[in-house]
Amino acid sequence: MSEAVQQGVQGRHETVRALFGMQYELEYYQREYSWERRHVVELVSDLANAFLRDWRPDHDRQQYAGYRPYFLGAFVCHSTGLKKSLVDGQQRFTTLHLLLIHIERLLHEQGDHDTAAMVGGMVRRYAGGRHHYTIDVDERRACLEALREGADYDPSDATVSVQNLWQRAQDIAAELPEVLRDECLPIFADWLGDRVYLVEILAADRRLGWEIFETMNDRGAGLTSLDLLKSFVLSRASQGQTELNNAWRKMFADLSEFGRHVPSNFFETLLLARYAAADGSESEEIRRAFHEWVRVSPERVGLKIRGKDYRNFILETVVPSADQYRSLLNASRTRTAGLEAVFYNAANGIDAQHLLIMASLRQKDSPQIFREKAQLLAAYLDLTFITRTVNNDPAVQAHNFLEEVHRLLPSVREISSVDELRALLGQEAAALPNFNGVKKFSLHNNRRQVRYLLARLTAFVEAECGKPDEAHRYLGFGSDAKDGAVTPWEIEHIWANKYSLHIQSGVANEQDFQQVRNRIGALLLLEKSDNASFGADRYLDKLPNYLSQNLLAASLNPAAYRRKPKFQQFREKWNLQDSFTPFPENFDTKAIDSRAALYQKLCELVWRVDRLGFAKVVTTPAGRDRNPQRRKTHYGVEVADLMRIGLLQEGAALYGELRRTGQTFHARIVARGRIRLEPSGEEFGSLSGAGAAAQGIPSCPGWNFWQVTNPDGTHTRLTSIRKQAIAEGLLDQNQPSALAVSDTAIRENR
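Residues numbered from 1 in each chain as written. Predicted model: local features only at pLDDT ≥ 70, side-chain atom pairs only at ≥ 80, totals over all residues. Heavy atoms only, no water.

1. Focus: the pairing of strand S7 (residues 196–203)
Most of S7 sits out of view: 7 of its 8 residues are buried. With 7 bridges connecting them, strand S3 (residues 70–80) and S7 associate as parallel partners. From the neighbouring strand, His78 faces S7, where its bridge partner is Ala203. (Buried < 20%, exposed > 50% of the residue type's maximum accessible area, 1.4 Å probe, protein only. Helix = DSSP H or I, 4+ residues; strand = E, 2+ residues; numbered from the N terminus. Pairing = 2+ DSSP bridges.)

The following block contains the structure:
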């Protein structure tokens, strides 16, 4: 028996399934859940990447057992009777718990109740006449119950910790990659339970547990990568050590005001932006030990001659770059004049913007040039986000924009002037999809994106009519960064959720009613209290209340057009006289079409290329079209691949059925493998996205759900067609899809 065990300390690795089959409690002074969005995104992305490196679409449920394991670190606990008390590791445990709750609900939505029950056993257990959550904290119960049921929950009266818990759960729902919400979700659940490990350090009692925690976190802490980089650079600077040390310490202190990990994040960003391989292949190495990356190849960052180069690196590169990075962090947290797009991207989780912006900056750039470059690049990413959103391209998550940033990095590094940047982004913007998709766009599993779209359109109309631009408030941020106030705004359905009130509107059935009700033209943005007070009323009862709301809502009422000279000037300025139309008596499907057309025109104004500052390109770059679907990811097969080899054709009819309800759904394959729902006409970039939207649920195993309608009226599941292609070797997994080939050719033609 080891000395550690004799002294009451045991260490062993355990799977998530084994650990989450137990119950844990938190002491009162350790109950605060404080992880930020970036921590959640990092954990979810790491788990997804670890799973997807082995998963293939032809794998069965049993093959996950051979996938490579993934290690999530150590935690400290001690026994308290039937439960264990978490001393260290509750942030990770809580986030894993939230992820399991989300997976359980998605599995129920997909109809896989057996796997959902397996995951549910890791979420909570039944004992003593009631259910107990794995992390058993009473103040969290109402929030967790709402998450399990997919119900609404208002955290405004809850503790700060529970408010953060609810928000991070929304982040998990938004950032879980769509591929994991598709057919591989059950396999991912098995892998997460059985192939993800943590090391449990079990102490005999509370006192010993805290001694271990303090030893791990306070005593004898090793030098960080930042410490080692400082030592390496200063030791080779030869002279002026005091000046360099003071400059370094000030830089470190200024960045640390944003968080203790920010100085290290800055160096990772700086190295990845300007010096590392542009494709991101060195990202893991730099994040693991960036000091070692610099030490092994100092010439990569211009450190060739001892003394001068090392001194200049600190004073002329690190210090001014840190100031620029701080400006970006400030603009990400508080909307700043001239850097508004940086704030919008941060609100949408596009943190990769910092990497792209830092890559564009030069030592000689003035503060004005810095702002211009930052705003241009951030505006391009914002434009990419919104065009993908309205065209139902699934690539709107954090990892998708990291891929986009790495695609752009080589070009951005090569240019130095603002004019060159305008020209580059003009070319890129010309290849993005247009806003025609707005006409059919609707609310489904995209509430955050819809809210963002409505916030920007609402703020634009208000600002153009002489009122303050309050997009930040519509997005849930206080008008003053110091007061911390949050004004909640919600999506308002103009149609009340009562089919009986709209039978005369030409909607055939309840299913079609829900789809029409969720169309963008039938949506507004209202303050939460107002939305709750009359959201279920008839349209004519709502109309007087709309008049006192923002101008986009008020424009439904004829009174909004009387004695409003600024509103009239705005419509005349942008030729919107016919687009803005009041609806004094009824709001039917034609009215929804009219409003959708208005929203499209507003999108085209808000995100006009010349307003964003890009050089206008008359013709689309050679080989590019304006289709929103992105290049192929590394882990799967796409509809476009099966079209390329002739197993699917453009125009093929798709059929889906929910056996438990008898509901049927119809769609069609259109250009480049996109899926068009019928009869709505809304198009999607993936089978799962189309299936989920059609059913009104957050998750759908699209390849299993959709079937091709054959000439004789029979149906063949798309999984069978894909399986045939893989079995016959028609799809070379090492070859890019038709989409990828197209994008590669485009870049080579530039």
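2. Overview of unusual backbone geometry
Residue Pro679 is bonded to the preceding Glu678 through a cis peptide linkage, with omega at 10 degrees. The backbone of Asn575 sits at a positive phi, close to 60 degrees, despite the residue not being glycine. Accessibility expressed as a relative area gives 58% for Asn575, which makes it exposed. The phi angle at Arg672 is positive, at roughly 60 degrees, despite the residue not being glycine. Looking at the element boundaries, Arg672 is found in the loop between strand S11 (663–669) and strand S12 (675–678).

3. As for the nonpolar core
Soluble, globular proteins show a tendency: their nonpolar side chains are buried together. Judged by nonpolar contacts, the single largest core of 134 residues is most densely connected at Ile520, Phe570, Phe587, Tyr599, Leu602 and Trp607. Counting residues per element, this core draws most heavily on helix H17 (residues 367–390), at 12 residues. Setting aside residues no more than four positions away along its own chain, Ile520 makes contact with Val438, Phe441, Ser442, Val450, Leu453, Leu454, Ala596 and Tyr599. Membership of the second largest hydrophobic core comes to 61 residues, among which are Trp35, Leu72, Trp191 and Leu202. (Core = buried A, V, L, I, M, F, W, Y, C linked by side-chain atoms within 4.5 Å. Contact = heavy atoms within 4.5 Å.)

4. Regarding the packing of helix H6 (residues 141–149) against helix H7 (residues 160–175)
Relative to each other, H6 and H7 sit at 15 degrees, their axes nearing to 10 Å. Classified by the angle their axes make, H6 and H7 are roughly parallel. H6 and H7 meet at a crossing whose hand is right-handed. Facing Cys143, Leu144, Ala146 and Leu147 of H6, the residues of H7 in contact are Val162, Leu165, Trp166, Ala169 and Gln170. Looking at the contact of H6 with H7 residue by residue, the classes come out as 8 nonpolar, 1 polar and no charged. (Axes fitted to C-alpha atoms, helices over the stretch in contact; angles between N-to-C directions. Parallel < 35°, antiparallel > 145°, perpendicular 65-115°, else oblique. Left-handed = near helix turned anticlockwise from the far one by under 90°. Nonpolar A, V, L, I, M, F, W, Y, C, P; charged D, E, K, R; others polar.)

5. Examining the packing of aromatic side chains
Taken as a whole, this structure holds 30 aromatic pairs when the rule is applied. Here the aromatic rings of Phe570 and Phe580 are separated by 5.9 Å at their centres, their planes lie at 70 degrees, and the arrangement is edge-to-face. Separated by 10 residues along the polypeptide, Phe570 in helix H26 (residues 565–573) and Phe580 in the loop between H26 and helix H27 (589–606) bring together distant segments of the chain. The same class applies to Phe570 and to Phe580, which are both buried. Grouped by ring-pair contacts, the aromatic residues Trp248, Phe266, Phe267, Phe290 and Tyr325 constitute a single cluster. Here the basic side chain of Arg456 rests over the ring of Tyr344, its NZ or CZ set 3.9 Å away from the ring centre. Arg722 extends its terminal NZ or CZ atom over the ring of Trp703, reaching a point 4.7 Å from the ring centre. (Phe/Tyr/Trp six-rings, centres within 6.5 Å; stacked < 30°, edge-to-face > 60°. Lys NZ or Arg CZ within 6 Å of the ring centre and 35° of its normal.)

6. What to know about the layout of surface pockets
By volume, the second largest pocket amounts to about 690 Å³. The wall of the second largest pocket is formed by 32 residues, among which Pro701, Asn704, Phe705, Arg717 and Thr719 lie closest to the centre. Every element with two or more residues in the lining of the second largest pocket is listed here: helix H4 (90–110), helix H8 (185–194), strand S10 (653–658), helix H31 (702–705) and helix H32 (718–727). Among the elements that take part in the lining of the second largest pocket, H32 stands out by supplying 5 residues, more than any other. (1 Å grid on protein atoms, 1.4 Å probe; cavity = no way out; pocket = protein on both sides within 12 Å on 5 of 7 lines; lining within 4 Å. Points joined across faces, edges and corners; volume = space filled by probe spheres on them.)

7. Some thoughts on the sheet that holds strand S4 (residues 83–88)
The sheet built from 5 strands is open, its strands ordered S1-S7-S3-S4-S2 with mixed pairing. Each of the sheet's edge strands pairs with one partner strand only, and the pair in question is strand S1 (9–15) and strand S2 (24–25). Packing against the sheet, helix H3 (residues 37–52) makes contact with S3 and S7, and its axis sits at approximately 120 degrees to S3. H4 contacts S2, S3, S4 and S7 of the sheet and is inclined by roughly 110 degrees relative to S3.

8. Some details on the packing of H3 against H7
Between H3 and H7, the least distance of the axes is 10 Å, while the angle of their chain directions is 40 degrees. Judged by the inter-axis angle, H3 sits oblique to H7. When you trace H3 past H7, the crossing you get is right-handed. Of the residues in H7, those in contact with Arg37, Val40, Val41 and Val44 of H3 are Arg168, Asp171, Ile172 and Glu175. Across the contact of H3 with H7, the residue classes tally to 4 nonpolar, no polar and 4 charged.

9. So, the sheet that holds strand S15 (residues 715–717)
Spatial strand order, S13-S12-S11-S10-S14-S15: 6 strands in an open sheet with antiparallel pairing. Every interior strand has two partners, whereas the edge strands, strand S13 (683–684) and S15, have only one. Of the pairings in the sheet, the one linking S10 to S11 comprises 6 bridges and is antiparallel in character. Along S11, the bridge assignment pairs Leu658 with Gln663. Across the sheet, helix H30 (residues 687–695) lies against S10, S11, S12 and S13, angled at about 15 degrees from S12, the strand it touches most.

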